[in-house]
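# Descriptive structure summary
Residues per chain, in single letters:
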Amino acid sequence: MAYLRATHLLERRIEEQLKADSGLTHPHYEILAKLSIAPQRRLRMSDLARRLVVSKSGLTYQIGQLEKRGLVERMDCPSDERGVLAVLTDEGVRCLEKTAPGHVAVVRAFLIDQLTPEELATMARIMSKAAAAMSPNGSHGSPPGSPGESQGGSPNGDRPSPSQAGPT
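A brief report on the enclosed structure follows.

The rules behind the values
- Residues numbered from 1 in each chain as written.
- Predicted model: local features only at pLDDT ≥ 70, side-chain atom pairs only at ≥ 80, totals over all residues.
- Heavy atoms only, no water.
- Helix = DSSP H or I, 4+ residues; strand = E, 2+ residues; numbered from the N terminus.
- Contact = heavy atoms within 4.5 Å.
- Areas by Shrake-Rupley, 256 points an atom, 1.4 Å probe, with all protein chains shown as cover.
- Patch = residues over 30% accessible without salt bridge, like charges linked within 9 Å, V, L, I, M, F, W, Y side chains within 5 Å.
- Salt bridge = Lys/Arg side-chain N within 4 Å of Asp/Glu carboxyl O.
- Buried < 20%, exposed > 50% of the residue type's maximum accessible area, 1.4 Å probe, protein only.
- Core = buried A, V, L, I, M, F, W, Y, C linked by side-chain atoms within 4.5 Å.
- Pairing = 2+ DSSP bridges.
- Expected span 1.5 Å × (residues − 1).

## Some points on the overall build of the protein chain
Each helix and strand counted, the protein chain has 6 helices and 3 strands in total. Going residue by residue from the N terminus, the α and β elements of the protein chain occur as α-α-β-α-α-β-β-α-α. Sequence-distant contacts, at least 24 apart, represent 54% of the contacts inside the protein chain between residues at least 6 apart. Accessible area for the protein chain stands at about 9,900 Å²; split by element, carbon and sulfur atoms hold 56% of it.

## Considering a nonpolar patch on the surface
Taken together, the side chains of Met-1, Tyr-3, Leu-4, Ile-126 and Met-127 make up a nonpolar region of the molecular surface, amounting to roughly 590 Å² of accessible area. Secondary-structure elements contributing two or more residues to the nonpolar patch are helix H1 (2–22) and helix H6 (117–134). Note on placement: Met-1 falls in the segment before H1. Accessibility expressed as a relative area gives 83% for Met-1, which makes it exposed.

## Concerning the nonpolar core
Counting residues in each nonpolar core, the largest one holds 30 residues, and the members touching the most others are Leu-32 and Leu-48. Contributing elements (two or more residues each) for this core: H1, helix H2 (26–36), helix H3 (45–52), helix H4 (56–68), strand S3 (84–88) and helix H5 (90–110). With 6 residues, H5 is the largest single contributor of residues to this core. Residues within four places of Leu-32 in sequence aside, it is in contact with Leu-24, Leu-66, Leu-71, Val-72, Leu-88, Gly-92, Cys-95 and Leu-96.

## Notes on the pairing of S3
Burial analysis of S3 places 4 of its 5 residues in the buried class, the great majority of the element. In terms of strand pairing, strand S2 (residues 72–76) meets S3 through 5 bridges, oriented antiparallel. Within S3, the position partnered with Asp-76 by the bridge is Val-84.

## Some details on H4
The terminal C-alpha atoms of H4, which comprises 13 residues, lie 18 Å apart, in line with the 18 Å expected from a rise of 1.5 Å per residue. Among the structural elements, H2, H3, S2 and S3 are those in contact with the buried residues of H4. Phi turns positive one or two residues past the end of H4, at Gly-70, with a value near 80°.

In structure tokens:
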């Protein structure tokens, strides 16, 4: 029960911050964050859905909402006539840059800073183990070594990337 309560409360705080700072929902923010760390800020829709662990139809709906705001656009895939790419626009980058610091602050204040380094390491191991058990291929949904799987470099210069904020 503690897990459910904590995750619901954290999700509520994240949603409040995102709506206040940019009018985004948490799924919208996650889409922008994933695209921001992708090569050329673009991914095939099917790859993006897999990385976000959402259905293709659900992603299509979310991308449509982001397109209306000019934050993302769809393009035909040059290497596969059936494929469609989701592309982060310059406006999407600006929106993410405006929103990311507040997102990182919320996650840090209500989760990361509440735990010791040892507790964070333990939580990361537990959640990685649970994610692997639930994933069809035994992975976390991102290719090994992808930016979403590490605490490595930041796509925003010295500002923390969304993936460095913690497990949201």
